[in-house]
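# Chain and residue survey
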Amino acid sequence: MTPVTVPRVAVLIPCFNEAVAIASVVRAFAASLPQARIVVYDNNSTDDTARIAREAGAEVRQERLQGKGHVVRRMFADVDADVFVMVDGDATYDANDAPAMIQRLCDERLDLVVASRSSDHAQAYRAGHQWGNRLLTGLVGWIFGNTFTDMLSGYRVMSRRYVKSFPAHAQGFETETELAIHALELRMPVAEMPSRYSARPEGSHSKLNTWRDGWRIFLTIVKLAKNGRPLAFFSIACALCVLLAVGLSLPLFETYLATGLVPRFPTAILSASLCLLGGVFLVCGLVLDTVTLGRREQKYLAYLNQPGLPSASDPR
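Summarised in this report is the structure supplied together with it. (Residues numbered from 1 in each chain as written. Predicted model: local features only at pLDDT ≥ 70, side-chain atom pairs only at ≥ 80, totals over all residues. Heavy atoms only, no water.)

Our focus in this paragraph is the pattern of salt bridges. With the rule as written, the count across this model stands at 16 salt bridges. In this structure, Glu59 engages Arg37 in a salt bridge whose closest nitrogen and oxygen atoms are separated by 3.0 Å. Here Arg37 lies in strand β2 (residues 37–42) and Glu59 lies in strand β3 (residues 59–62), a separation of 22 residues in the sequence. Judged by relative accessible area, Arg37 falls into the partly exposed class, the value being 30%. With its nearest N and O atoms 2.7 Å apart, the salt bridge here joins Glu185 to Lys299. Of this pair, Glu185 sits in helix α7 (residues 175–185) while Lys299 is found in helix α10 (residues 265–304), placing the two residues 114 residues apart along the sequence. Overall, Glu185 belongs to the buried group, its relative accessible area being 8%. If you follow the salt bridges from partner to partner, you end up with Arg8, Asp80, Asp82 and Arg160 in one network. (Salt bridge = Lys/Arg side-chain N within 4 Å of Asp/Glu carboxyl O. Helix = DSSP H or I, 4+ residues; strand = E, 2+ residues; numbered from the N terminus. Buried < 20%, exposed > 50% of the residue type's maximum accessible area, 1.4 Å probe, protein only.)

The next subject is α7. Of all 11 residues in α7, 11 are buried, a share of seventy percent or more. Of the positions making up α7, those classed as buried are Thr175, Glu176, Thr177, Glu178, Leu179, Ala180, Ile181, His182, Ala183, Leu184 and Glu185. Arg187 sits one or two positions beyond α7 and adopts a positive phi of about 55°.

Core analysis: the largest hydrophobic core is formed by 38 residues, its most contacted members being Val11, Ile13, Phe29, Leu33, Val40, Val85 and Tyr155. Listing elements by their share of this core, those giving two or more residues are β1 (9–15), α1 (22–32), β2, α2 (49–55), β4 (83–86), α4 (98–107), β5 (112–118) and β7 (190–196). Sort the elements by how many residues they give to this core and α1 lands first, with five residues. By size, the runner-up hydrophobic cluster in this structure holds 37 residues, among which are Phe148, Leu152, Ala168 and Ile217. (Core = buried A, V, L, I, M, F, W, Y, C linked by side-chain atoms within 4.5 Å.)

Nothing here speaks to function; it is all geometry.
Structure follows, in structure tokens:
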């Protein structure tokens, strides 16, 4: 009889000043996933987060570069497993959902399962964050394809292929946007599962700033759209230039047809320049689209170079 292969599971918890909540998070995931390796990455906390996490039974490591994106890059590089569970250390996510998410990842041979947050508590999910999440998730869906409804969730289960092929560039909270677009760009098999989202424990405070971090996430989407869909991106710039040029030149054509004269040379020069600029944008889009195709092929080869999820028939 072929022995059943049990995937190695690592729970990754990025933390910054979560002394109030981290012990309950570590213990909850240790109880829900008793065979998992639980690793807490402390990001220059000024409280007792690291000590409390270690006393709760977690393996604690440090990342000195400030920002969640830096922590994610370090975690993905340093920790090895077959299945990765990444969750915030603020005790807002339900550890009891992790086994079902892992089971679905393995059964359906997925690369990413995102916990779609649902909550009955107004304090758990601030209105500004909820509105911004919907807006940014919709924008990513429009550019890269509609798959996620809660792109910015901090609770997700990932395959080794996904983690080890992820080219992390973000510094802060925009890393969730990069994680979603990585899967969408390579058309990886992904899924969402509903998960209960709770309010933070008393004394714990969110580090997410609605406007500052929302703006950074928006700029990340624009940058990734330029890099991932350059033809569409520069075609829009080309169309805007041409439309503006046409709008400025219509009165000139009317005057020319009526009098045979072009009295406003600066406007005529501006219209011609805008048309030339639009042509430059279009050429840039065509060239970069070819470059992007090559980059996407290399990223997909890096993804395929990693072993898939183990199954009962896989030798270890």
